[in-house]
Every structure is written in structure tokens, then in C-alpha cells.
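Below are the chains, spelled out letter by letter.
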Amino acid sequence: MANIRVAANASAMNDLPPLPAYTLSPVQPLISFLPDFYLCLIVPVAVYWVVSMFFHLIDVYDVWPQYRLHTPAEILKRNHVSRYEVARDVIVQQIIQTVVGAILALTEPEDMFGKEEYDIASWATRIRIAQRALPQLLGLIGLNAAAISKNMSGTHPVLAGVLAGGRYPSLSVGLDVVSGSPVASFASWEIIAAKALYWYIVPAVQFLVAIVIVDTWQYFLHRAMHVNKWLYTTFHSRHHRLYVPYAYGALYNHPFEGFLLDTLGASIAYKVAGLTPRQGMVFFGASTLKTVDDHCGYALPWDPIQHITSNNAGYHDIHHQSWGIKTNFSQPFFTFWDGLLGTMWKGDTTSRYARDRKTAQFKVDAEKVEL
């Protein structure tokens, strides 16, 4: 797409600083030979299998047995599905996920850059307008903002301008060629605050909104899959053939459930939160990483993902046990819905895990005797 130039905007209020002109240009791909369209589709799949294979290797070679949630005997005897079937069904879900992702990407306008300074100035304008309410707010508690501002104007001109409702007589960039009146400019603190909003605070809020949406979506649909017998038998019971979860079984689901819970929920979160395609790449990649880690079967003390929130591999593993299947529905990020609605596991798990390990090992030893 050709570059698009937009002229400087005259302020709707003549005492506000003007907004700068900008030129829009297409965003260059993160990888020169690979368009971002394809990279967005590849990232979640690549993250899934790279992280899964890491955990698979430490599982197969028994690298850190002290951090296992389950023994090899449990994996062998308690799961009701083969590793081949798990991998096959995960690939089916990822094909569906990729098709939906491509459709979602096609609905997005081309990603452009060049408007950053304009957007920062727009935030600074909002900050300036918000200051106009300050004199009235101070008046409610009996303070005369105008008088305080006048007294401080010589020693603290910026603070005086804030108290005066965002009026900074000393800040100007020249005279307007038409009216001859001074052209206002932003105070340095307004630009700093606007940059913080634009680059950090607003994106953080967007990601938080997306996380809350996907957590809410998954909690209630996941819980419904357990409450409704038909939904559980028809769809969700497939995922619970893995009583002993392992990393690449994270997306082992019925294809319809995988689409409904994971793909559709994340897509809605992406759209509602107003994420950009590159933010979406981070969000989908992080969601995938978190989901795989939650099913990894290890409580690694140095794994930061398992310490960011209490919703980790140990927490979700309880849900996969026959005695914990009606608890710990929250996925993939936080546990607030379980806490609010009383579905969080309470009680000791040590004896229950020990019993399951003992039973599985007994079955393995019995087979060895028969041979």
C-alpha cells in the first residue's frame, strides 16, 4: 500500500495545542522473508510443539524425576488414550485453529505505522482537557484554584498551569498565522504521561481485558461441560482420558470443543480487547505457552510461568484426577472464578496422589510377574 499523508489537525479548541501531521506506511514484517500474516498463524503452533517437545524429552529421559507430578507407571497405566491418538487429534485442532486464524487475520486492515506521534499528542490533549475539571473539583473542598495558581505562577509555573485547569501561558510555539494568537504547546509532563499511556498503560489494559475475557469464557463453558452430562459424554470426556496430563496433550480435545473453548474464546478476546495483529501474536503465543505448561506434568521450581499465578500445572492437574474433576475449572491464566464461585479444590492431595502412584506401580509390577 502506498504511503498516506495526513496534514496537521487544527485543534477544535483554539487554546489546545495542534495535533501533528503524520504519514502512514505499511509495517515491515518482523522476519523479512515471511509476511506477518503467516507468522501470526505459525507462532501458536510453533510454540505448542517446541515447548511440548522440551517437556517430552525430559519426560522420556527422566531428567528431573524429583519434580514429576506423576510417575512413568501412572502415565503408562492410568491414561486411556495412546500418544499417537493424542498427537493426531491435536493436529486436527491446530488445523481448525489455523483456518480460523487466517479468517480472523483477513478481517484486519493492513497494519500501518507513522501515526505514533499523532496518537501520543491525542492522549496529551485528553490529559489537557481533563485538567479543566480540576478547579471545580478543588472548589468542592473549599479551595480557590485560581488564587493558588496565581500565587505559584512565579515559582512553579507548571504546577500553577495544572491548578488553573491546564492553562500554561508561558508554553507556546509561536503565533497563529491567521488569528495572530499564541499557539499552545504541551507541557513536558503531559507528553511523558501521554507516552506512558500510549506505549505501556493502554496495551497493558488491552491484554488484561483479553485475559479476563478468555478466562471467563473458558471457565463457564468448561464448567458447563462438566455439569451437563450430555456435553461431558459427547465432547469433554475425550480430554479427560488423560488422567495423567502431559505437555502435547494440552489441546487433546473433541474438535468441536477445541473450536468452542479455545479457538473461538481467544478470537473473541482478541477482537473485543482491540489488539493489533502483533499484539495478537503475543497473546495467542502466550496463551498457548500457558496451556502447554499447565499440562506439562512437572512442578519445576525455576519455571517462571508456574509462579506468575496459582493457576499452574499442579493446580490444573488436580482437575484431571477422578477425585478433583469437579473442581479447578479455571483456565488458562488466573483462578479468580474458582475462588469466587467456590469451585477451588480445598484439602490435602498428598495421600490421594500417593494412592494413585501405588496402584499404578502395582499394575506394572504385576505385568512383569506375569511375563
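Each chain has its residues counted from 1, running along the sequence as written. Whole-chain, interface and lining totals are the exception, using all residues; otherwise, since this is a predicted model, local features are given only for residues with pLDDT of at least 70 and side-chain atom pairs are given and counted only at 80 or more. Neither water nor hydrogens contribute to the side-chain values; these are computed over all heavy atoms in the structure.

> Help me get a handle on the side chain of aspartate 356, residues and values and all.
Each helix is a run of H or I in the DSSP string that is no shorter than four residues. Each strand is a run of E no shorter than two, and both are numbered from the N terminus. Examined against the element boundaries, aspartate 356 turns out to sit in helix H15 (residues 350-370). Judged by relative accessible area, which is 11%, aspartate 356 ranks as buried. Only protein chains enter the accessibility calculation, which uses a 1.4 Å probe; a residue whose area is less than 20% of its type maximum is buried, one above 50% is exposed, and one in between is partly exposed.

> Which residues make up the environment of valine 364, and what values do they have?
Of note, valine 364 is situated in helix H15. The class for valine 364 is buried, based on a relative accessible area of 12%. When the C-alpha positions of valine 364 and alanine 73 are compared, they lie 6.6 Å apart, and in sequence the two are 291 residues distant. Residue contacts are counted whenever heavy atoms from the two residues lie within 4.5 Å of one another. With residues near it in sequence (within four places) discarded, valine 364 still touches Ala73, Leu76 and Lys77.

> So what about the packing of aromatic side chains? Which residues, and what values?
For Phe, Tyr and Trp, where Trp contributes only its six-membered ring, two rings pair if their centres lie within 6.5 Å, and the inter-plane angle classes them as stacked under 30 degrees, edge-to-face over 60, or tilted in between. In this structure the tally under the stated criterion is 22 aromatic pairs. Throughout this description, the term charge over a ring refers to an Arg CZ or Lys NZ atom that lies within 6 Å of the ring centre and within 35 degrees of the ring normal. The ring of tyrosine 246 carries arginine 83 above its face, with NZ or CZ at 4.2 Å from the centroid. Between the NZ or CZ atom of arginine 126 and the centre of the ring of tryptophan 123, over which it lies, the distance is 4.4 Å.

> How would you sum up unusual backbone geometry? Please name residues and give values.
For the bond running from glutamine 331 to proline 332, omega is -10°, close enough to zero to count as cis. Relative to the assigned elements, proline 332 resides in the loop between helix H13 (313-319) and helix H14 (336-341). Even without glycine at this site, aspartate 62 takes up a positive phi of about 50°. Relative to the assigned elements, aspartate 62 resides in the loop between helix H1 (36-60) and helix H2 (72-78). On the basis of relative accessible area, aspartate 62 is assigned to the partly exposed category, the value being 34%. The residue asparagine 328 is not glycine, and still its phi comes out positive at about 55°. One can find asparagine 328 in the loop between H13 and H14.

> Explain the pairing of strand E2 (residues 22-26) to me, using residue names and the numbers behind them.
Taken across its five residues, E2 has four buried, putting it largely inside the fold. Two strands form a pair only when DSSP identifies at least two bridges running between them. When E2 meets strand E3 (residues 112-113), the two strands line up antiparallel, connected through two bridges. Residue proline 26 lies in a different strand from E3, and its bridge partner there is methionine 112.

> With reference to specific residues and values, describe the pattern of salt bridges.
The rule for a salt bridge is simple: a side-chain nitrogen of Lys or Arg has to be within 4 Å of a carboxyl oxygen of Asp or Glu. Per the counting criterion, the structure on display carries 14 salt bridges. With its nearest N and O atoms 2.8 Å apart, the salt bridge here joins aspartate 36 to arginine 278. In this pair, aspartate 36 sits in helix H1 while arginine 278 sits in helix H11 (residues 277-294), placing the two residues 242 residues apart along the sequence. Here aspartate 36 falls in the buried class, since its relative accessible area comes to 16%. In this structure arginine 278 comes out as partly exposed when scored by relative accessible area, which is 24%. Several salt bridges converge on common partners, so that one network encompasses Glu74, Arg78, Arg355, Asp356 and Arg357.

> Before we move on, can you summarise a nonpolar patch on the surface with the specific residues and values?
For patch building, the residue pool is restricted to those with more than 30% relative accessible area and no salt bridge; the joining distance is 9 Å between like charges and 5 Å between nonpolar side chains (Val, Leu, Ile, Met, Phe, Trp, Tyr). We get accessible surface area from the Shrake-Rupley algorithm with a probe of 1.4 Å; when it comes to residues, only the shown protein chains can shield them. A surface patch of nonpolar side chains, amounting to about 600 Å² of accessible area, comprises Leu208, Val212, Phe220, Phe334, Phe336, Leu340 and Leu341. Considering the arrangement of structural elements, one finds valine 212 in helix H8 (residues 188-227). Taking the relative accessible area as the measure of exposure, valine 212 reaches 35% and is therefore partly exposed.

> How would you sum up the nonpolar core? Please name residues and give values.
We call a set of buried residues a nonpolar core when its members are Ala, Val, Leu, Ile, Met, Phe, Trp, Tyr or Cys and they connect through side-chain atoms within 4.5 Å of each other. Counting residues in hydrophobic clusters, the biggest one holds 20 residues, and the most contacted among them are Tyr48, Phe55 and Val86. Elements supplying a minimum of two residues to this core: H1 and helix H3 (83-106). Looking at this core, the element that brings in the most residues is H1, giving four residues. When neighbours within four sequence positions are excluded, valine 86 is seen to be in contact with Val81, Leu242, Tyr246, Tyr248, Gly249 and Tyr252.

> Please set out the packing of H8 against helix H10 (residues 255-272) residue by residue, giving values where relevant.
If you want to describe how two helices pack, look at the angle between their axes and the distance between the axes. Put simply, H8 and H10 touch, their axes get as near as 8 Å, and they point 155° apart. Put simply, H8 runs roughly antiparallel to H10. Pair H8 / H10 crosses with right-handed handedness. Listed contacts from H10 to Ala210, Ile213, Val214, Trp217, Gln218, Leu221, His222 and Met225 of H8 are Glu257, Leu260, Leu261, Asp262, Leu264, Gly265, Ala266, Ile268, Ala269 and Val272. A fitted line through C-alpha atoms serves as each axis, taken over the contacting stretch for helices, and the angle formed by two N-to-C directions is quoted from 0 to 180°. Roughly parallel here means an angle under 35 degrees, roughly antiparallel means over 145, roughly perpendicular means 65 to 115, and every remaining angle is called oblique. The sense of a crossing depends on the near helix, which, turned anticlockwise from the far helix by less than a right angle, makes the crossing left-handed and, turned clockwise, makes it right-handed.

This is a description of form; function is not addressed.
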